[in-house]
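# Structural overview
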Amino acid sequence: MKEGWARQQSARFLRAATITPRLRLIERFGEFTGQYPWQWTPAEGEAFIAHLRGGAKPIQMSTARTYEVTIGLFIEYLMDSRYGWTEVCSERFGEGPQAVFHEGNSVLHTIEYEGDPRRRPLDYDEVQALFDAADARPAKIRGQGRKGVLAALRDAAVLKTIYAYGTRRTESSRVDLVDFRRNRKAPRFDYGSLMVRFGKASKGAPAKRRTVLTVPEMDWVVGVLQEWLSEIRPHFAPGRHPALWVTERVGRLSPRSINEAFVNARQAAGLDEDLDLHCLRHSYITHLTEFGYPARFVQEQVGHSHASTTAIYMGVSNEYRNKLLEASMKARLGEDWE
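Below, the structure is looked at part by part. (Residues numbered from 1 in each chain as written. Predicted model: local features only at pLDDT ≥ 70, side-chain atom pairs only at ≥ 80, totals over all residues. Heavy atoms only, no water.)

A separate point is the overall build of the chain. Helix and strand counts for the chain come out as 14 helices and 3 strands. Within the chain, the fraction of its 338 residues that count as buried is 40%. Considering only intrachain contacts with a sequence separation of at least 6, the fraction spanning at least 24 residues in the chain is 61%. Put simply, the chain shows about 19400 Å² of open surface, and 51% of that area lies on carbon and sulfur atoms. (Helix = DSSP H or I, 4+ residues; strand = E, 2+ residues; numbered from the N terminus. Buried < 20%, exposed > 50% of the residue type's maximum accessible area, 1.4 Å probe, protein only. Contact = heavy atoms within 4.5 Å. Areas by Shrake-Rupley, 256 points an atom, 1.4 Å probe, with all protein chains shown as cover.)

Here it is as structure tokens:
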């Protein structure tokens, strides 16, 4: 059954990164129930979710929905008459698969965003504190006589570049040297645009591509990239390796290592532990909006298919909103609005 379901998903061109966790969840659910799939009932599904909601680390609502949907997809496959599993189970065991989750016992999607509310954009002072902490790490490591100075210099450049272009960690890991290009509309920038070739893909679709333009407010990143490419990266002896960010063993810097770089800088800066690397992307979207860029421009910069998704990431400051209010009041009432 699992092999057949895996083949079905593979035929839809879903990636192994999607299929494997789904199969693992089905195995996990089977181990929890101690039953075969044709014996599963709504009661088992409800008990499974109730179990996961308890304990020291209860699952989030969005995670519960993902689990319910995944189990539901597996059951739909088993109940599809084109595959014949219902007939086989009925003949051999006298019972067949049935729906485990339904409208009465599954999580309803009532709001657009159910992420952790503690995840938020960094304000300008927090961004600066993060970068200051990252810049201070090489000297600290050198003073302690430890290895890792070059890696710390690289990590500081990575975090600044992620913020300056609003990229995800996997996208950042997959950036190659050839992906930075000049922008004829902004010739003063040596790195006027970044081609993201491995953007987050929709299910069953190839990676999305987009071009992120270097904006004037982030032009300081040009100096960061120049220093990395001319003074720091050569010390890694990368040879002909195409990756922008390389390791001491001349490999491509992994998303996990990029995440660790953020955690190290966040801890050194004394920032909120609930902040994660993705918050830099939230910050990029928020700050572009506060700089006055149109919503459509911001949406295309970050590669969102829908404006509503971009809006979820936004957390503009009260100061920015008050400026909008002031401009609106002046437009309506003139100088007498005060």
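Having put the structure on the table, let's press on.
Along the chain, R281 turns up in helix α11 (residues 278-291). E171 is the oppositely charged side chain nearest to the buried, salt-bridge-free R281, at an N-O distance of 4.4 Å. A distance of 2.6 Å separates a polar side-chain atom of R281 from the backbone oxygen of G166. Not counting residues up to four positions away in its chain, the partners in contact with R281 are G166, T167, R168, E171, R210, V302, H304 and Y313. (Lys, Arg positive; Asp, Glu negative; His and termini not counted. Salt bridge = Lys/Arg side-chain N within 4 Å of Asp/Glu carboxyl O. Polar contact = N/O pair within 3.5 Å; in protein donor to acceptor, adjacent residues only side chain to side chain.)

Our next topic: the packing of aromatic side chains. Per the counting criterion, the structure on display carries 17 aromatic pairs. Taking 4.2 Å as the distance between ring centres and 5 degrees as the angle between the ring planes, the aromatic pair formed by W38 and F93 counts as stacked. Taken together, the positions of W38 in the loop between α2 (16-33) and α3 (42-53) and F93 in helix α5 (residues 85-93) put the pair 55 residues apart, joining distant regions of the chain. W38 sits in the buried class, given a relative accessible area of 11%. For F93, a relative accessible area of 42% corresponds to the partly exposed category. Through successive ring pairs, a cluster of aromatic residues spans W5, F29, F32, W40, F48 and F74. Geometry around F198 places R174 over its ring, the cationic atom sitting 3.8 Å from the centre. (Phe/Tyr/Trp six-rings, centres within 6.5 Å; stacked < 30°, edge-to-face > 60°. Lys NZ or Arg CZ within 6 Å of the ring centre and 35° of its normal.)

Each pair of packed helices gets described by two things: the angle between the helix axes and the distance between those axes. Direction vectors running N to C along helix α6 (residues 124-143) and helix α7 (residues 149-165) enclose 170 degrees, while the axes themselves pass 8 Å from each other. The angle between the axes of α6 and α7 places the two elements in the roughly antiparallel class. Facing V127, F131, A134, D135, R137, P138, I141 and R142 of α6, the residues of α7 in contact are V149, A152, L153, D155, A156, L159, K160 and Y163. For the contact of α6 with α7, the residue count by class is 11 nonpolar, no polar and 5 charged. (Axes fitted to C-alpha atoms, helices over the stretch in contact; angles between N-to-C directions. Parallel < 35°, antiparallel > 145°, perpendicular 65-115°, else oblique. Nonpolar A, V, L, I, M, F, W, Y, C, P; charged D, E, K, R; others polar.)

Y165 and L280 are the most contacted members of the largest nonpolar core, which totals 50 residues. Counting only elements with at least two residues in this core, the list comes to α6, α7, β2 (193-199), α9 (220-232), α10 (255-269), α11 and α12 (295-302). Beyond its immediate sequence surroundings of up to four residues, Y165 is in contact with F180, Y191, L194, V212, L213, T214, V221, L225 and Y284. (Core = buried A, V, L, I, M, F, W, Y, C linked by side-chain atoms within 4.5 Å.)

The next thing to look at is the pattern of salt bridges. Under the counting rule described, the total for this entry stands at 14 salt bridges. Salt-bridge contacts for E126 lead to R120; the nearest nitrogen and oxygen are separated by 2.8 Å. With a relative accessible area of 15%, E126 lands in the buried category. When the shortest N-O distance is used, the salt bridge between D155 and R154 registers 3.1 Å. Across the pair, exposure class does not vary: D155 and R154 are buried alike. Where salt bridges share partners, they join D176, D179, R197 and R252 into one cluster.

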